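Per-entry structural report
Residues per chain are reported as follows:
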Amino acid sequence: PFRVVGGLPASALQPCPGHNIAADVDIGQAQCFDITALILDVSEQRPTNAGRAVFDVGLIDGSVDETTSKKRTMKVSLYTPDTEIAELMSRFASSKQDDKPVSIFNIKGSKHSDGKYSFQSARGWYMVPAYSDKALLLQADSAAILTSQDTL
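Thresholds applied
- Residue numbers restart at each chain and count upward from 1, following the sequence in its written direction.
- In view of the model being predicted, local features appear only for residues whose pLDDT reaches at least 70, and side-chain atom pairs are presented and counted only at 80 or more, with totals across whole chains, interfaces and linings using the full set of residues.
- Excluding hydrogens and water, the side-chain values take into account all heavy atoms of the structure.
- In DSSP terms, a helix is any run of H or I states spanning at least four residues, a strand is any run of E spanning at least two, and both are numbered starting from the N terminus.
- A 1.4 Å probe rolled over the protein chains alone gives each residue an accessible area, and that area as a share of the maximum for its type sets the label: buried under 20%, exposed over 50%, partly exposed in between.
- Working rule for contacts: check all heavy atoms of both residues, and any pair within 4.5 Å makes them a contact.
- Following DSSP output, two strands are said to pair if at least two bridges run between them.
- Think of a salt bridge as a Lys or Arg side-chain nitrogen and an Asp or Glu carboxyl oxygen that are within 4 Å of each other.
- Among buried residues, those of type Ala, Val, Leu, Ile, Met, Phe, Trp, Tyr and Cys that are joined through side-chain atoms within 4.5 Å constitute a nonpolar core.
- Side-chain rings of Phe, Tyr and Trp, where Trp is taken by its six-membered ring, are said to pair if the distance between their centres is within 6.5 Å; with planes under 30 degrees apart they count as stacked, over 60 as edge-to-face, and otherwise as tilted.
- Between N or O atoms, a polar contact is any pair within 3.5 Å; within protein, one atom must be a potential hydrogen donor and the other a potential acceptor, and residues adjacent in sequence are included only when both atoms are from side chains.
- Here a helix's expected span is defined as the number of its residues, less one, multiplied by 1.5 Å.
- Think of the arc as the fan of directions from the helix axis to the C-beta atoms.

1. Digging into the overall build of the protein
Of regular secondary structure, the protein possesses four helices and eight strands. Secondary structure of the protein in N-to-C order comes out as β-β-α-β-β-β-β-α-β-β-α-α. Taking all 152 residues of the protein together, 39% fall into the buried category. Within the protein, contacts between residues at least 6 apart in sequence are counted, and of these 62% link residues at least 24 apart.

This is the structure:
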């Protein structure tokens, strides 16, 4: 769904992912999805195949696991060409520093035979600063969401 973006001209639209981390971390089968969240942490760059690089981003959106009543978090491995890694990591670090939510599009989640889940970027993924209604709520509550020690 698309919505008018808060703080921008009325003609500006932005995709507004409806997923939340608590629901996405328990997916039943491999699938792609989009999410809006705050950045918990940004890892160091790791090498991968020639011409590619990867780094991890920890995400939180305040959604709660129903069985534990704890806020859920998600670690996403983001793959990108070597030439783009520094700029992307800088954008994520800046969003984290300013407690600004982001929307990440085309995350692939899968459940492994050992019952654990992994999340990584799928081909064509991208990230944008988020201005949806959900993003505005996340930003307003960022201090409470990010400082909670009650996370999974």
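Picking up after the structure, the text goes on.
2. A word on the pairing of strand β3 (residues 31-42)
Across six bridges, β3 lies against strand β7 (residues 102-111) in antiparallel orientation. Across the sheet, residue T36 finds its bridge partner in β7, namely S103. Two elements, β3 and strand β5 (residues 52-64), share four bridges in a ladder whose sense is antiparallel. If you follow L38 over to β5, its bridge partner there is I60.

3. Quick word on the pattern of salt bridges
Under the counting rule described, the total for this entry stands at five salt bridges. R72 is the partner of D65 in a salt bridge, and the nearest nitrogen-oxygen pair spans 2.7 Å. Taken individually, D65 and R72 each receive the classification buried, so the pair is uniform in this respect. Beyond isolated ion pairs, a larger network of salt bridges with shared partners links R46, D56 and K75.

4. Digging into the nonpolar core
By size, the foremost hydrophobic cluster in this structure holds 24 residues, and its most contacted members are F55, L59, M74, F92, I104 and F119. The set of elements that each furnish at least two residues to this core consists of β3, β5, β6 (71-81), α2 (82-97), β7 and β8 (117-129). For M74, the contacting residues outside a window of four places in its chain are I21, D24, V25, F33, V57, G58, L59 and F119.

5. Some details on the packing of aromatic side chains
How two aromatic rings sit relative to each other is given by the distance of their centres and the angle of their planes. A full pass over the atoms with the stated rule returns four aromatic pairs. With a centroid separation of 6.0 Å and an interplanar angle of 75 degrees, the aromatic rings of F33 and F119 are classed as edge-to-face. Of this pair, F33 sits in strand β3 while F119 sits in strand β8, and the two are 86 residues apart along the sequence. For the pair formed by F33 and F119, the shared burial category is buried. Geometrically, the ring pair formed by F105 and Y126 is stacked, given 4.7 Å between the ring centres and 20 degrees between the ring planes. Remark: Y126 occurs in strand β8 and F105 occurs in strand β7; sequence separation between them is 21 residues. The buried category is assigned to F105, whose relative accessible area is 6%. The exposure class of Y126 is partly exposed, given its relative accessible area of 39%. One aromatic cluster is present, formed by F55, F92 and W125 through successive ring pairs.

6. A word on the side chain of S77
By the secondary structure assignment, S77 is in strand β6. Classification of S77 as buried rests on a relative accessible area of 13%. Side-chain polar atoms of S77 contact the side chain of D56, separated by 2.7 Å. In contact with S77, other than residues within four places in its own chain, are R46, V54, F55, D56, F119, Q120 and S121.

7. Quick notes on α2
Helix length check: α2 (16 residues) gives 23 Å between terminal C-alpha atoms against 22 Å at 1.5 Å per residue, within 8%. Listed in full, the buried residues belonging to α2 are I85, L88, M89, F92 and S95. Viewed end-on, α2 has its buried residues packed into an arc of 125 degrees, placing them on one side of the element. Along α2, the residues that are exposed and aim more than 90 degrees away from the buried face are T83, A86 and Q97. On its buried face, α2 sits against β3, β5, β6, β7 and β8.

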